[in-house]
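# Understanding the architecture of this molecule
If you want the building blocks of each chain, they are given just below.
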Amino acid sequence: MSRSTLTTEDVLALLNERLSSYEHRPQQIELAHAIERTFNTQQTGLFEAGTGIGKSFAALIPAILSGKKVVVSTNTIALQEQYINKDIPALKEILPFHFDAALMKGRGNYLGLRRFEDHLLEQSIDEEFVDWVHDTETGDMSELDFVPPLDVWLEVNSDSDDCFRNRCPKFAECFYFEARRRAEKADILVVNHALLLADAASYGNILPQYDMLIVDEAHHLPDVATDVFSNGISNRGVRITASKALKKVQAPLGLIRDLELESTEFFHRLAYAFPAMKTRIREPIDGAHEFALTLKQLKKWLEDETFEGVLDVGQERERARLKAKAIISTLGGYINCLEVMAKPDPNWVLWIEKGDNSFSKVEVVAAPLDVSGYIHDYVLDKTGLSSSVWMSATLATGGEDPFAYFKRSCGMQGHVIQSRVSSPFDFEKQALLYLPRNLPEPNTKEFLMKACDEIERILELSDGRAFVLFTSRSSLVQSFEYLAPQLPFPAKRQGEMPRKKLVEWFRETPKAVLFGTSTFWEGVSVEGEQLSCVIIDRIPFQSPDDPVYEAKCEAMKQEGEWSWFNDLALPHATMRLKQGVGRLIRTKKDVGIVSILDARMTGKQYGRRILECLPGMRIVRSLNGMNTLEDVFGPRIPEKQTSDTPNEVSAGEPNSQSPKKSGKKSGKNAGKKSGKTSSEEPGSGSGVKEDAGDYSLSSSESGITSWRINTNEIGEWSTK
Ligand code: SF4
């Protein structure tokens, strides 16, 4: 069998036959077919693929069979590693033809051999580091099992502004150019979102030309784009740049002194004018234009300087030119930011942030208000791109077109193939959603204490083994300080140790309880009974303190075309809540309880709209009659399995469930939508049914109302 004669089914059958850990899932085939059709018809595909589908295989197989060059972009290193170390090698092993795959990281991750040798001539470097340089085959800093000081790494890494390219004596053995050569050859090239966007913004100067694109963890792309397309200026940055200009390219001393004085004065005035640690800037800033003029003077000097006076020994003249080029590029970013400060532009959001109260670091950031145009122009409309697939476990947010929010964020227009492929997990059997009946709304004073009592009660039921997730750090700290001393379970909170270590501690500690905020809402996978409970304090609406979010809401209110609440706040919170809830069930054997302590989930119509987007779990309003999880799920909690899988259970993971088993069909109220009602008003007429009474063992299933939505809607949509 060759590449051209194999079908997606053939490859999945080969996996089933040859890979002992592989498990056949109809949802995976369904997703693979939808992706294949997207590629074959050269369209854009948007797929919400529930946890456990094995979406990486579903995307990789049609990509490899196409014979085209395909870039796969992820947000997290963990998922990148899953593709490159697990799923791609598995496919290489079973396929009867050869294909090349490579991982490419941002240039700054690779050691620059010439810069390293230059640095060694000037300063000594830790012996361990030198040994690694001799031994490494990739020059990738992630191989290091110690962290070199950042200032040292920045002096020795590969830097486009300090690279002689093919005139470099180290070019043949250069790690970065070797990575590029591998990327050039690869049929499947794995990158991260930041690199994908940086390449797109540089009109394809970083990555080789590719035909098709798979964006996994796609829900992160708009936020990464906001970071990539932002400009910033800080007092520390200006000081370092001025010092480089003086020492490395001998810029005139007078010019540098003027610049340093003006910078000190400018940032000092700014820090006093905005005393809070983080403040949005709305008015023009005095002195910003003048400061930009001073920076422009230095930039012009650097642009005009030919460096003819530099003796051309050992490429010194070339080095000076490269350094000047790097400083020019940094100054360009500063000047752009200062120009927005001098004359605020409604398309840019401006804010000031301080590192501490000593003003040692004062930074101003200018971020684009709306990145959809960038994503459309630079990624979707990229020259030579024939088709792209965007997928994640959380993309749909309810409403008439469940993908409208995401499509608007990414500037997706016209015809799009889109579908929601449900998880193979049977949430109705595996999970219980507890929405306490008598808690006050979370913005009331008494909420936190009452929520703590509820958390304690739920933890008793689950016997610890829980993530308790908060939307704010202060709620996390207060709850932890109140609860941890009285809990009969080992408890830790985010910040006590690095995230990875905390997850390890959680996996290894019987009955552990982990209190966390943002970083534990996604990207953490703990399989088995060790994680049997997820408690969420409130609907994760974005903080109004976030300058970009605040500016987006204001712009929507002014334009009036979209509702800031229904079209921005609610979809964002829905996606986030789905991520948090998604921590609980990671395999077909997992069972557990998820509780959302926010009374608005049932008391407000928008809460009920969010509910409709969650996996179809059984819902209870009281825990009466339940003392252990065995009361809920039967006498035996299945044995646990553990893995480091990031956002989903990959097909390569062990699972002994019958391959024939598929997710149950939707139950009552399947596919109901709340429509475009005024979601901020208290509602009572949603399609969600609650339990008729308290759950008790004797009432068995009758005390619980099962409610599922149909998450299997496949269709094609056209945006206006
Ligand atoms: S080619 Fe460029 S990145 Fe590579 S070693 Fe030479 S200067 Fe450094």
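Residues numbered from 1 in each chain as written. Predicted model: local features only at pLDDT ≥ 70, side-chain atom pairs only at ≥ 80, totals over all residues. Heavy atoms only, no water.

### Examining the nonpolar core
Nonpolar side chains tend to gather and get buried jointly when the protein is soluble and globular. Judged by nonpolar contacts, the single largest core of 53 residues is most densely connected at Met104, Leu111, Phe129 and Trp390. Top contributing element to this core by residue count: helix 8 (residues 175-185), with 5 residues. Residues in contact with Met104, not counting those within four places in the same chain, are Tyr110, Tyr176, Ala179, Arg180, Ala183, Leu189, Val190, Val191, Leu195, Ile206 and Leu207. (Core = buried A, V, L, I, M, F, W, Y, C linked by side-chain atoms within 4.5 Å. Buried < 20%, exposed > 50% of the residue type's maximum accessible area, 1.4 Å probe, protein only. Helix = DSSP H or I, 4+ residues; strand = E, 2+ residues; numbered from the N terminus. Contact = heavy atoms within 4.5 Å.)

### A few points about the pattern of salt bridges
Oppositely charged side chains are able to pair whenever their charged atoms sit close together. Tallying each qualifying case throughout the model produces 30 salt bridges. Residue Arg282 pairs with Glu554 through a salt bridge whose shortest N-O separation is 2.8 Å. Placement of the pair is Arg282 in the loop between strand 7 (278-280) and helix 13 (288-304) and Glu554 in helix 21 (residues 547-559), with a sequence separation of 272 residues. The exposure class assigned to Arg282 is partly exposed, which follows from its relative accessible area of 42%. With relative accessibility at 25%, the residue Glu554 sits in the partly exposed group. The structure contains a network of salt bridges with shared partners spanning Arg114, Arg115, Asp118, Asp162 and Arg319. (Salt bridge = Lys/Arg side-chain N within 4 Å of Asp/Glu carboxyl O.)

### Observations concerning the packing of aromatic side chains
Per the counting criterion, the structure on display carries 26 aromatic pairs. With 5.9 Å between their ring centres and 35° between their planes, Phe129 and Trp132 make a pair best called tilted. One end of the pair is Phe129 and the other is Trp132, both in helix 6 (residues 127-135) and 3 residues apart, which spans about a single turn. Neither Phe129 nor Trp132 differs from the other in exposure class; each is buried. Where Phe129 meets Trp153, the ring centres are 6.2 Å apart and the plane angle is 25°; that geometry is what we call stacked. Placement of Phe129 in helix 6 and of Trp153 in helix 7 (residues 150-156) is noted, with a sequence separation of 24 residues between them. Accessibility expressed as a relative area gives 3% for Trp153, which makes it buried. Through a chain of ring-to-ring contacts, the aromatic side chains of Tyr110, Phe171, Tyr176 and Phe177 assemble into a single cluster. The ring of Phe171 has Arg181 lying over it, and the distance from NZ or CZ to the ring centre is 5.6 Å. The residue whose ring lies beneath Lys557 is Trp564, and the NZ or CZ to ring-centre distance is 5.0 Å. (Phe/Tyr/Trp six-rings, centres within 6.5 Å; stacked < 30°, edge-to-face > 60°. Lys NZ or Arg CZ within 6 Å of the ring centre and 35° of its normal.)

### Some remarks on the sheet that holds strand 7
Judged by pairing direction, the sheet is antiparallel, and its 4 strands sit side by side in the order 6-9-8-7 without closing on themselves. Two strands close off the open sheet at either side, each with one partner strand: strand 6 (231-234) and strand 7. The sheet shows a mean angle of 20° between the axes of neighbouring strands, taken without regard to direction. Those strands touched by helix 12 (residues 253-273) are strand 6, strand 8 (348-354) and strand 9 (362-368), and its axis lies near 80° from that of strand 9. (Pairing = 2+ DSSP bridges. Axes fitted to C-alpha atoms, helices over the stretch in contact; angles between N-to-C directions.)

### Examining the packing of helix 1 (residues 8-18) against helix 4 (residues 77-94)
Look at helix 1 against helix 4: their axes get within 10 Å of each other, and the N-to-C directions meet at 90°. As judged from the angle between their axes, helix 1 and helix 4 are roughly perpendicular. In contact with Val11, Leu14, Leu15 and Arg18 of helix 1, helix 4 contributes Leu91, Glu93 and Ile94. Classifying every residue of the contact of helix 1 with helix 4 by side-chain character gives 5 nonpolar, no polar and 2 charged. (Parallel < 35°, antiparallel > 145°, perpendicular 65-115°, else oblique. Nonpolar A, V, L, I, M, F, W, Y, C, P; charged D, E, K, R; others polar.)

### Overview of the site of the ligand
Close contacts around the ligand come from 13 residues, with Arg114, Ser158, Cys163, Cys168 and Cys174 the closest. Partitioned by chemical class, the residues of the shell around the ligand number 7 nonpolar, 1 polar and 5 charged. (Near = heavy atom within 4 Å.)

### Describing the confidence of the model for the protein
When the pLDDT values of the protein are averaged, the result is 84; 88% of them are 70 or greater. For residues 636-720, every residue scores under 50 in pLDDT, and the model assigns this stretch 241 contacts once sequence neighbours within four places are set aside. (pLDDT = per-residue confidence, 0-100.)

### Points about the packing of helix 11 (residues 235-249) against helix 12
Interhelical geometry of helix 11 versus helix 12 gives an angle of 175° and a closest axis separation of 10 Å. Relative to helix 12, the element helix 11 is oriented roughly antiparallel. Facing helix 11, whose interface residues are Asn235, Val238, Ala242, Ala245 and Leu246, helix 12 presents Leu253, Ile256, Leu259, Glu260, Ser263 and Phe267.

### Structural notes on a negative patch on the surface
Judged by side-chain charge, Asp126, Glu127, Glu128, Asp131, Asp135 and Asp145 come together as a negatively charged surface patch. Along the polypeptide, Asp126 turns up in the loop between helix 5 (113-122) and helix 6. (Patch = residues over 30% accessible without salt bridge, like charges linked within 9 Å, V, L, I, M, F, W, Y side chains within 5 Å. Areas by Shrake-Rupley, 256 points an atom, 1.4 Å probe, with all protein chains shown as cover. Lys, Arg positive; Asp, Glu negative; His and termini not counted. Charge placed at Lys NZ, Arg CZ, Asp CG, Glu CD.)

### Observations regarding helix 5
Buried residues of helix 5: Leu113, Arg114, Arg115, Phe116 and His119, and no others. Taken together, the buried residues of helix 5 touch helix 6, helix 7, helix 8 and helix 14 (316-342).

### Let's talk about unusual backbone geometry
We note that Gln250 has phi near 50°; this positive angle belongs to a residue other than glycine. Mapping Gln250 onto the fold places it in the loop between helix 11 and helix 12. Positive phi is not limited to glycine here, since Phe307 has a value of about 60°. Note that Phe307 resides in the loop between helix 13 and helix 14.

### Here we look at helix 15 (residues 372-380)
All of the buried residues along helix 15 are Ser372, Ile375, His376, Val379 and Leu380. The buried residues of helix 15 all sit within an arc of 110° when viewed along its axis, so they share a single face. Elements that come into contact with the buried residues of helix 15 comprise strand 1 (44-49), helix 9 (193-201), strand 5 (212-215), helix 10 (221-228), strand 10 (387-392) and helix 16 (404-410). (Arc of directions from axis to C-beta.)

### Notes on the environment of Ser595
Tracing the backbone through its elements, the reader meets Ser595 in strand 17 (residues 592-596). C-alpha separation for the pair Ser595 and Leu432, spaced 163 residues apart in sequence, amounts to 8.2 Å. In contact with Ser595, other than residues within four places in its own chain, are Tyr434, Pro436, Ile458, Val534, Ile535 and Ile536.

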